[in-house]
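# Working through the structure, step by step
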Amino acid sequence: MDFNMKKLASDAGIFFTRAVQFTEEKFGQAEKTELDAQFENLLARADSTKNWTEKILRQTEVLLQPNPSARVEEFLYEKLDRKVPSRVTNGELLAQYMAEAASELGPTTPYGKTLIKVAEAEKRLGAAERDFIHTASINFLTPLRTFLEGDWKTISKERRLLHNRRLDLDACKARLKKAKAAEAKATLWNDEVDKAEQELRVAQTEFDRQAEVTRLLLEGISSTHVNHLRCLHEFVESQTTYYAQCYRHMLDLQKQLGSSQGAIFPGTFVGTTEPASPPLSSTSPTTAAATMPGGPSVAGLAPPGEAALRLEEVAPPASGTRKARVLYDYEAADSSELALLADELITVYSLPGMDPDWLIGERGNKKGKVPVTYLELLS
């Protein structure tokens, strides 16, 4: 009991001494030991790393899970060390609604068939999103959290300890200064000065030791940056994979809808969605063999065994032509196609029976087939 009381009294005395020293420093009534410029730079770099890591972590969490309630729920499960319940993605939920709508409205109707096709694509998009969220959480979010909840807490603890050691050192310096001043007035014995000097030496040793420990931890921030750089590359790769999957799924869906739209609404434009990136290959796909009802055949669209009419002899429809801006350079694969240059404007139109991935393009007196994915159709 006596030991505990003495320890509490000692701790209270140390706390009071530090509080007095800190207060006097704030009012400019006491001297303060300053850290060297390199150490201060390490501290500033560590603080900046911590602050930006927190911001990047929070915003990435918002990107992966926009629903704030769901984020809070996941946070609570994580803190309780319990498994987060499986949650359907928005794409999967939309796919479910579309499939149920098709079942009720008629799966064999044109609208029902299209709902089913879109639902399948949305389901694949939802699965791709789920994989992306899982991969990004493991490879990117987890290392950021590990730094903030592990390394940074250790750094903060050692910095607080260094701060206390610095206050103790400066308090010892102040006591020694007062003891020497009193000694000069012959009001203290020499042993008081010796005691103050001994306390100062101990405080200086502890401060130097703690400063070295803290410095080593702060220098480790460079290793943290290297680790976060690797995680950032992995995050970009997972995001690239995700968007590439989305592009492929939507391109497949666009082709399916384009074919069905051509059958339901002959002569209308199809494939008007602007691609996010140029197609992976400029190789011309095989066009569907078809002829214009009651009219001449279009080159590349004539049935086997029939002579194809040259494109120059095909007249544009009376209505339905549009302007289009070329998104990427395109090299014609044969004489039936029209070579394109990025950013140029051309006139385009569709003909009944054409492959939905292609349109007829005109530039001046030149005419040829052009791929839809290379165009931005203008209003």
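Residues numbered from 1 in each chain as written. Predicted model: local features only at pLDDT ≥ 70, side-chain atom pairs only at ≥ 80, totals over all residues. Heavy atoms only, no water.

Attention now moves to the overall build of the chain. Scanning the chain from N- to C-terminus turns up seven helices and five strands. Listing the helices and strands of the chain from first to last along the sequence gives α-α-α-α-α-α-α-β-β-β-β-β. When each of the 379 residues of the chain is scored for burial, the buried share is 34%. Pairs at least 24 apart in sequence give 66% of the contacts found in the chain among residues at least 6 apart. (Helix = DSSP H or I, 4+ residues; strand = E, 2+ residues; numbered from the N terminus. Buried < 20%, exposed > 50% of the residue type's maximum accessible area, 1.4 Å probe, protein only. Contact = heavy atoms within 4.5 Å.)

Here the focus is the sheet that holds strand β1 (residues 322–326). With respect to topology, five strands assemble into an open sheet ordered β4-β3-β2-β1-β5, the strand pairing being antiparallel. Edge positions in the sheet fall to β4 (366–371) and β5 (375–377), since each of these pairs with one other strand and no more. Ignoring strand direction, the axes of neighbouring strands in this sheet form an average angle of 40°. Sheet analysis places β1 next to strand β2 (residues 345–349), joined by four bridges and oriented antiparallel. Within the sheet, the bridge partner assigned to R322 lies in β2 and is V348. (Pairing = 2+ DSSP bridges. Axes fitted to C-alpha atoms, helices over the stretch in contact; angles between N-to-C directions.)

Nonpolar side chains collect at one region of the surface, where V72, F75 and L76 lie side by side and expose about 290 Å² of accessible area between them. Relative to the elements of secondary structure, L76 occurs in helix α3 (residues 68–79). (Patch = residues over 30% accessible without salt bridge, like charges linked within 9 Å, V, L, I, M, F, W, Y side chains within 5 Å. Areas by Shrake-Rupley, 256 points an atom, 1.4 Å probe, with all protein chains shown as cover. Salt bridge = Lys/Arg side-chain N within 4 Å of Asp/Glu carboxyl O.)

Evaluation of the coordinates by the stated rule reveals eight aromatic pairs. Ring geometry for Y328 versus Y374: centroids 5.8 Å apart, planes at 85°, classification edge-to-face. With Y328 in the loop between β1 and β2 and Y374 in the loop between β4 and β5, the pair connects residues that are 46 residues apart, well separated along the chain. Judged by its relative accessible area of 17%, Y328 falls in the buried class. With relative accessibility at 5%, the residue Y374 sits in the buried group. Aromatic side chains Y330 and W358 sit 6.5 Å apart centroid to centroid with 70° between the ring planes, which places their arrangement in the edge-to-face category. Residue Y330 is located in the loop between β1 and β2, and its partner W358 is located in strand β3 (residues 358–363); the two are separated by 28 residues in the primary sequence. Given the relative accessible area of 4%, Y330 is considered buried. A relative accessible area of 2% means that W358 is categorised as buried. Taken together, F132, F140, F235, Y242 and Y243 form an aromatic cluster joined through their ring pairs. (Phe/Tyr/Trp six-rings, centres within 6.5 Å; stacked < 30°, edge-to-face > 60°.)

Here we take up the nonpolar core. F39, F132, F140 and L218 are the most contacted members of the largest nonpolar core, which totals 34 residues. At the level of secondary structure, the elements contributing two or more residues to this core comprise α2 (37–64), α5 (110–184), α6 (190–219) and α7 (221–264). Looking at which element gives the most residues to this core, the answer is α5, with 16 residues. Core analysis: the second largest hydrophobic core is formed by 20 residues, Y328, L359, L375 and L377 among them. (Core = buried A, V, L, I, M, F, W, Y, C linked by side-chain atoms within 4.5 Å.)

Let's shift gears to the pairing of β4. Counting buried positions along β4 gives five out of six residues, so the element sits mostly inside the fold. The sheet contact formed by β3 and β4 spans six bridges and is antiparallel. Note on β4: the bridge partner recorded for R363 is K366. In this structure, the hairpin formed by β3 and β4 is closed by a connection of two residues, where G364 is found at a positive phi of approximately 65°.

Our focus in this paragraph is the environment of Y111. In this fold, Y111 is placed in helix α5. Classification of Y111 by relative accessible area gives exposed; the value is 53%. Taking the C-alpha atoms as reference, Y111 lies 9.8 Å from A101; in sequence the two are ten residues apart.

What follows concerns α2. Compared with an ideal rise of 1.5 Å per residue, which puts 28 residues at 40 Å, α2 spans 40 Å between its outermost C-alpha atoms and is within 8% of the ideal. Every buried residue belonging to α2 is among F39, L42, L43, A46, T49, K50, T53, L57, T60 and L64, and all of these are buried. The opening residue of α2, the one whose side-chain oxygen lies 3.1 Å from the backbone nitrogen of Q38, is D36. (Expected span 1.5 Å × (residues − 1). Polar contact = N/O pair within 3.5 Å; in protein donor to acceptor, adjacent residues only side chain to side chain.)

Glancing now at the confidence of the model for the chain. Considering every residue of the chain, the mean pLDDT works out to 82; 79% of them sit at 70 or more. Within the chain, no element has a lower average pLDDT than helix α1 (residues 2–26), which sits at 73, and none a higher one than α2, at 95. Predicted confidence is poor over residues 267–276, with pLDDT under 50, and the contacts of this stretch with residues over four places away or in other chains come to 31 contacts. Confidence over residues 281–309 falls short of pLDDT 50; this stretch has 56 contacts with residues more than four positions distant or in other chains. (pLDDT = per-residue confidence, 0-100.)

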